[in-house]
Amino acid sequence: MIETEGSAVLHCPRMRCWATAAPERPVKLLWDPPAGFEDQETAAIELDPDEALLRFAEFLPDGTLASITAAGHRLEQLDERIVNWFAGCRLGHGPSRVLADLRAQAAQSYPLLPFIIWELARAGDDSIDKAIAERAPLAVTLQRIFGAAWFVRLLHQLRPDFLPEGAGIDLTELLRTVCLLEPSQVPQSPQCWESFRAMQFMIAQIVPSHAPERVRVMAAKDMFRKSAGNWQAHPSDQLLQAYPGHVAQDLARNLVRPALAKLTPLNRSRDVPTHYNRASRLLFHGRGPKHILRICELWHKRQIGIHFRLSENFPPAEAGELRWEPLTAPFQATNGHLIVPLTDKPMLMQEAFSLSHCVGTYGYACAFDGRHVLSVRTEGGIPIATLAVKQHLATPAGIQHAISEFVGKSNGTPPAEARLAVNEWMDAIVDGRLPIDLESLKRAQAERQPLRLNLGEEEMAGDPEPSCYDHDKPGALDMALALYGPLLPTRVRRGGLPELVRVCSLGWIGYFQRHDRTDMPTR
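As the structure is a prediction and not an experimental result, all values here were calculated from the model. (Residues numbered from 1 in each chain as written. Predicted model: local features only at pLDDT ≥ 70, side-chain atom pairs only at ≥ 80, totals over all residues. Heavy atoms only, no water.)

## A few points about the overall build of the protein
Argument step 1. Within the protein, the secondary structure is distributed over 23 helices and nine strands.
Argument step 2. Taken across its 523 residues, the protein has 50% of its residues classed as buried.
Argument step 3. Residue pairs in contact within the protein that sit at least 24 positions apart in sequence constitute 68% of those at least 6 positions apart.
Argument step 4. Taken as a whole, the protein presents about 24900 Å² of accessible surface, with 53% of it coming from carbon and sulfur. (Helix = DSSP H or I, 4+ residues; strand = E, 2+ residues; numbered from the N terminus. Buried < 20%, exposed > 50% of the residue type's maximum accessible area, 1.4 Å probe, protein only. Contact = heavy atoms within 4.5 Å. Areas by Shrake-Rupley, 256 points an atom, 1.4 Å probe, with all protein chains shown as cover.)

## Observations concerning the packing of helix α10 (residues 190-206) against helix α11 (residues 213-227)
Argument step 1. Remark: α10 packs on α11, axes separated minimally by 10 Å, with the N-to-C direction vectors making an angle of 135°. The orientation of α10 with respect to α11, classified from their angle, is oblique. For the pair α10 and α11, the sense of crossing is right-handed. Where α10 abuts α11, its residues Phe196, Met199, Met202, Ile203 and Ile206 lie against Ala220, Met223, Phe224 and Ser227.
Argument step 2. Its residues assigned to classes, the contact of α10 with α11 comprises eight nonpolar, one polar and no charged. (Axes fitted to C-alpha atoms, helices over the stretch in contact; angles between N-to-C directions. Parallel < 35°, antiparallel > 145°, perpendicular 65-115°, else oblique. Left-handed = near helix turned anticlockwise from the far one by under 90°. Nonpolar A, V, L, I, M, F, W, Y, C, P; charged D, E, K, R; others polar.)

## Observations concerning the side chain of His337
Argument step 1. Assignment of secondary structure puts His337 in the loop between β5 (331-332) and β6 (338-342).
Argument step 2. His337 sits in the buried class, given a relative accessible area of 11%.
Argument step 3. Here His337 is in contact with Phe331, Gln332, Arg377, Thr378, Glu379, Ile384, Glu417 and Ala421, once residues within four sequence places are set aside.

## With respect to the packing of aromatic side chains
Argument step 1. For the structure shown, the criterion picks out six aromatic pairs.
Argument step 2. Ring geometry for Trp85 and Phe86: centres 5.2 Å apart, planes at 85°, overall edge-to-face. You'll find Trp85 and Phe86 in the same group, each marked buried.
Argument step 3. If you follow Arg371 out to its NZ or CZ, it ends over the ring of Tyr362, 5.6 Å from the centre. (Phe/Tyr/Trp six-rings, centres within 6.5 Å; stacked < 30°, edge-to-face > 60°. Lys NZ or Arg CZ within 6 Å of the ring centre and 35° of its normal.)

## Regarding helix α20 (residues 438-448)
Argument step 1. What α20 keeps buried is the set Leu438, Leu441, Ala444, Gln445 and Arg448. End-on, the buried residues of α20 take up no more than an arc of 130°, which puts them together on one face.
Argument step 2. Tucked into the core, α20 has its buried residues touching α17 (363-368) and β7 (371-377). (Arc of directions from axis to C-beta.)

## Some words on unusual backbone geometry
Argument step 1. We note that Arg135 has phi near 60°; this positive angle belongs to a residue other than glycine.
Argument step 2. With respect to the helices and strands, the residue Arg135 is situated in the loop between α6 (127-133) and α7 (138-146).
Argument step 3. Using a relative accessible area of 61% as the deciding quantity, one classes Arg135 as exposed.
Argument step 4. The residue Ser356 is not glycine, and still its phi comes out positive at about 55°.

## Description of the pattern of salt bridges
Argument step 1. Tallying each qualifying case throughout the model produces 13 salt bridges.
Argument step 2. With a closest N to O distance of 3.3 Å, Arg97 and Asp101 form a salt bridge. Of the two residues, Arg97 and Asp101 are both situated in helix α4 (residues 97-109); the distance of four residues between them amounts to about one turn of the helix.
Argument step 3. What makes Asp101 partly exposed here is its relative accessible area of 37%.
Argument step 4. Among the salt bridges present, the one from Glu351 reaches Arg377, with a minimum N-O distance of 3.7 Å. With Glu351 in helix α16 (residues 345-355) and Arg377 in strand β7, this pair connects stretches of sequence that are 26 residues apart. With respect to class, Glu351 is no different from Arg377; both count as buried.
Argument step 5. Linked by salt bridges that have partners in common, Asp222, Arg225 and Lys226 make up one network. (Salt bridge = Lys/Arg side-chain N within 4 Å of Asp/Glu carboxyl O.)

## Side note on α7
Argument step 1. When we look at burial in α7, the residues that qualify are Leu138, Thr141, Leu142, Ile145 and Phe146. One face of α7 carries all of its buried residues, which in axial projection span an arc of 115°. Relative to its buried face, α7 has exposed residues pointing more than 90 degrees away, namely Val140 and Arg144.
Argument step 2. Positive backbone phi, at 80°, marks Gly147, one or two positions downstream of α7.

## Some words on the confidence of the model for the protein
Argument step 1. Taken as a whole, the protein shows an average pLDDT of 77; of its residues, 74% reach a score of 70 or greater.
Argument step 2. pLDDT under 50 marks residues 13-18. Its contacts with residues more than four places away, or in other chains, come to 28 contacts.
Argument step 3. Taken as a whole, residues 512-523 scores under 50 in pLDDT and shows 37 contacts with residues more than four places along the chain or in a different chain. (pLDDT = per-residue confidence, 0-100.)

## A word on the pairing of β7
Argument step 1. Among the seven residues in β7, six count as buried, and that is most of the element.
Argument step 2. The pairing of β6 with β7 spans five bridges and is antiparallel. Paired with Leu338 across the strands is Arg377, a residue of β7.
Argument step 3. The pairing of β7 with strand β8 (residues 383-390) spans seven bridges and is antiparallel. Within the sheet, the bridge partner assigned to Arg371 lies in β8 and is Lys390. (Pairing = 2+ DSSP bridges.)

## So, the sheet that holds β7
Paired through their backbone hydrogen bonds, the strands of a sheet run either parallel or antiparallel.
Argument step 1. Pairing is antiparallel in the open sheet, where five strands are placed in the order β5-β6-β7-β8-β9. Lying at the two open borders of the sheet, with one neighbouring strand each, are β5 and β9 (403-407).
Argument step 2. Set on the sheet, helix α19 (residues 416-430) makes contact with β5, β6, β7, β8 and β9; between it and β8 the angle comes to about 35°.

Encoded structure:
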């Protein structure tokens, strides 16, 4: 916290950002120190984080902090957009006391309103803010947006602790999904809301956003109906760690895509499901959470063994040849833990085997698409967590935002000692002790592009990662079907490859066909 000449600057080292506040100006978030504060060590007031936030809030326009707390918001939840909204700021204008009072009244009636307004503003919809400024009834505007009168009434009860944690979550889409629930299915506690959000995350993997709207709505309603509003029976950590998208992607690469390529003519139409969609429908369509979790659990246990047997019996043409440069040199934290870059396909497979997750399928993404995988290990070299990083964001200023995945064993939460080691690794990148040569990495990536398999666009269906085995060899597809068989519906296991191809050849209409709900995967 730094004070000077009637304004305040709050420095957030872990977030790598700064915030400025003054009574008559909107709050600003900055990624670099503001003018005059480059050397914060000489001007900083040493405060603990909670006290610093309170002192910073004193520099906001009069009444802003009171309005924020009256609506049930915590200071640590806020960013500049929400603070400026409560202060009565508009685009290009400073605070307005009249507008601030109107917004404070609206937020007391609908505590999540500021977050909803911001999400709608990203789509160019400012109808709620206009209704507030014009003192129009908000219920009418909200019902027009969300379409359900009972849900507008529910918005009175939803508190800020309902908000998902973390950045990049589409709150408006989340609320639209809540509208698909029956009133009796609405979660009634913070833990149940966590399960609801986790189930929405799972549904988004099963039916991707590019699917027709009717397909996505039907899939969500069906899943919520099968859960019967019994959110306590589906803990959020189980739902978040299931990763049905990984299961569908693996089945698409190693069974659905090869089978369709070999046994059917290519369909060049773009208005058809991708191989991922087909695999997801085959595994999950019409199923409830219990069935989906059981399939995912079975796949996580078996996928390493399946890949090993297929690749050993039918080695792919480029097996073992994919290599790439490390993002950084190996790093050792003060607690002794190591962060080791994984630079070839065998290293990825060993990491996947050690921690029971699917990083073994990331070879093509690492070699050709700028993905880097690093293993967090004990001082004795035992893997305990895995880190995936997007190369194009891996700069000293953006390394924290470059981390796309950070998981422990079986996609669980990484242990505390792994998180400490990764924080030190990021600090070393930020202060230059651990350099990243992005230009060299980009040149090497470009030089590898001719090695990329020359498969047709429709055959790859947006997924450049090839199968883990040579599916053109005699008997290869039959073995793949046998190994993946325990995950598949009974009729496909019994009907063999012809039945698999028939089911997966359906267009989007296949999503509207019901499945036998008693058809569970085998052990």
